[in-house]
Amino acid sequence: MMQPTNRFKKSIPVLLVGLPKFFLHSAAFTSAPCHLPLKFPHINKDAHVSKELAPRRPTLLRSELAQNPVEPNSDSASGSRGSKEVSYAAILKVIDDFHQKDITTACPYLPKEPEVSSHSWVNNSSPKPYQSPITPILSPETANGLRSAAQSYFEQTRDETRGAFGQEVADLGRILSTSSSSASEELKKGLYEALIQQIYPLVRASWSNHDALLPSKNSHDHYDEEYSQQFPSLVVTSATVAAAGGYPGAKGAMTTLERDAGLFTVHIDLGNENEANPHDAMGGIYLESLVSSDTITEAVVGPLSLGQAVIHRSNERTAAFIVPANLRDVADSNQSLDSTTRRNIIQAAETSRHYGLRLVLTTTGVASSKRNETAKENDGDGLSGVSTQPEAPAEERAYRLRNFARFREDRIRYLTLAGLLDVDDHENHLWLGFDYIARVDNPEYRVDVNQRLSDVNKAIFHLEKAAELGPRDARVHFQLATALGAKMDCEKSLMKENSAKSETEAIQLSRVAAALERSAILESTAVKLGINGINDLATCLHALAETRCKMGEFDKALDVIDRWAECGSIRSDLAIENVGKIDNGTGGRLPMIEWLKTSDTN
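Residues numbered from 1 in each chain as written. Predicted model: local features only at pLDDT ≥ 70, side-chain atom pairs only at ≥ 80, totals over all residues. Heavy atoms only, no water.

Caption draft 1: Looking closely at helix α5 (residues 181–206). The end-to-end C-alpha distance of α5 is 36 Å, a good match for the 38 Å that 26 residues give at a rise of 1.5 Å each. At Leu-195, α5 shows its maximal kink, close to 45°. Along α5, the residues classified as buried are Ser-184, Leu-187, Gly-190, Leu-191, Ala-194, Leu-195, Ile-199, Tyr-200, Val-203, Arg-204 and Ser-206. (Helix = DSSP H or I, 4+ residues; strand = E, 2+ residues; numbered from the N terminus. Expected span 1.5 Å × (residues − 1). Bend = angle between axes of the 7 residues up to and from the residue. Buried < 20%, exposed > 50% of the residue type's maximum accessible area, 1.4 Å probe, protein only.)

Laid out in structure tokens, this is it:
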């Protein structure tokens with residue numbers, strides 16, 4: 001599996017109770033977790049709080065914050081004063097410190113946005129989810145130069161590690177450091193021009209009403225149409241190059257389905273190594289928020305030409321992958337998983353090795369001269385007081401705070417705080433719902449059935465909210481079905497006599513089936529495009545078939561079983577590659593891969 005594309009995306013041991021090891025996955029934060037009994041949602045690191053946000057959150061969030069007191073943490077001992085719990089203000093200060101460190105040290109070779117003193121604010125409540133200018137952002141010379149430098153770097157790395165091709169990713173700074181001084185400077189110059197002249201202006205114009213791009217609200221009751229003061233500047237905090245494809249059995253996905261820790265993500269296509277016909281295979285971006293039931297290609301931005309970019313909010317789950325040049329020309333009416341579109345994508349991935357550049361942007365923030373009220377209450381702890389330290393953007397704080405919650409016994413308090421920081425992020429509710437389910441399923445959680453039912457109801461509340469905010473996330477609907485099933489089990493335990501099925505049970509089973517069906521439809525789109533493997537989809541369909549049987553709808557259950565059986569007849573993108581090298585007959589060395597061809601099955 002490829003390495004994380006972000007400095008915050010690291011494999012972290014997850015401390016959720018009762019969760020077996022197979023729920024863990026290395027593609028941090030936003031990759032596609034398994035649907036297995038509890039589908040593991042993905043996150044990353046730390047976060048902040050503002051009293052202005054509280055009234056906008058659901059009442060249940062605030063009540064949970066009050067019902068789960070913080071336990072003293074001996075690790076936060078302060079000098080000779082003994083053990084002391086870590087305050088929210090202290091946690092957020094650390095997060096802001098890390099943010100400032102990242103914006104200054106992560107990509108120092110790339111320029112930040114020049115100071116912005118005026119900014120026209122456009123009141124656009126529903127901006128376009130992405131921007132992809134037809135004109136390439138990178139010149140052909142810069143794009144080809146970056147691809148050649150990455151190709152040389154990956155070849156050297158393979159020789160050192162004796163690894164297979166597979167998906168490869170490397171930090172752009174490392175790649176440039178292995179190039180000659182003159183070549184490196186030319187590439188940096190090309191990137192400088194792209195960022196200053198096109199990327200930064202396009203981001204600011206497209207998302208002009210984003211809070212992180214505007215001055216702090218501490219000193220303004222409302223936004224005027226135009227400001228005449230200092231604004232936060234955009235800056236790159238992560239730059240990576242990914243590559244995939246170019247051998248028999250290659251996977252089409254260049255990156256895993258994931259999201260990033262910053263505010264905006266920029267994908268730039270760097271082309272491929274196929275000198276004979278470089279346009280047979282092209283780059284594309286899968287955006288989960290664009291998934292439609294009409295056609296699977298609606299979720300694809302592309303094909304992308306050399307140097308063309310796709311810019312979107314970092315809270316979008318996306319994946320870069322290889323697509324055929326005629327992706328839009330093929331009318332694929334086949335509804336099966338092994339469709340013509342999927343076969344064309346796999347064929348394109350096998351023809352050449354494709355490269356892409358991924359930049360993650362955030363803002364420098366604006367220091368606030370206003371004394372934080374929380375700091376006043378914590379005077380004397382060595383961590384508060386008047387500070388001119390700029391705050392990290394609220395959604396980035398929430399993103400990182402979710403990772404911090406992983407290491408806490410009182411995770412729900414910190415996940416709730418993340419929800420108070422960013423009301424529009426459905427993953428805050430996804431994680432809260434998931435944690436309540438994990439708590440109920442934990443055999444060491446010794447409480448009566450009424451308390452378990454209360455936890456399950458909270459899980460359902462959060463997962464329904466997550467489904468409202470992120471309706472195209474297959475993980476949300478699967479977890480919602482899991483929570484609804486757990487509620488049925490709790491209610492059965494409370495019944496003195498469990499006789500024939502009641503009308504209430506039939507309604508509950510119908511809700512479970514609807515959630516599983518929705519999850520299966522969304523997951524199948526990612527499978528048909530080669531973004532995800534079949535494991536999650538197969539697990540979801542298995543649960544759906546069981547539910548249909550419980551409802552007495554055996555004909556529908558057989559239809560679902562047919563769909564489930566089809567998962568075993570196609571090659572899985574999660575097939576395990578052997579890192580050993582084999583000769584392809586021309587002296588080239590390719591990885592061995594085991595997979596099942598459609599032609600091998602009946």
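Caption draft 2: Representation of the environment of Tyr-436 in the model. Mapped onto the elements, Tyr-436 comes out in helix α10 (residues 426–441). Judged by its relative accessible area of 1%, Tyr-436 is buried.

Caption draft 3: Main features of the packing of aromatic side chains. Here the structure, examined in full by the defined rule, presents five aromatic pairs. The interplanar angle of 25° and the centroid separation of 6.3 Å between the aromatic rings of Phe-154 and Tyr-355 together place this pair among those described as stacked. A residue pair is termed long-range when its members are at least 10 positions apart, and Phe-154 in helix α3 (residues 140–161) and Tyr-355 in strand β11 (residues 354–363) qualify at 201 residues. For Tyr-355, a relative accessible area of 0% gives the class buried. Relative to Tyr-414, the ring of Phe-404 has its centre 5.0 Å away and its plane inclined at 75°; by these criteria the two rings are edge-to-face. Of this pair, Phe-404 sits in helix α8 (residues 394–405) while Tyr-414 sits in helix α9 (residues 411–421), placing them 10 residues apart in sequence. (Phe/Tyr/Trp six-rings, centres within 6.5 Å; stacked < 30°, edge-to-face > 60°.)

Caption draft 4: Examining the sheet that holds strand β3 (residues 168–171) more closely. Strands sit in the order β2-β9-β6-β11-β5-β3 across an open sheet of six strands; the sheet is antiparallel. Each edge of the open sheet is held by one strand with a lone partner, namely β2 (130–131) and β3. Pairing of strand β5 (residues 234–244) with β11, which is carried by 10 bridges, proceeds in the antiparallel orientation. When the sheet's bridge partners are listed, Ala-243 is paired in β11 with Tyr-355. (Pairing = 2+ DSSP bridges.)

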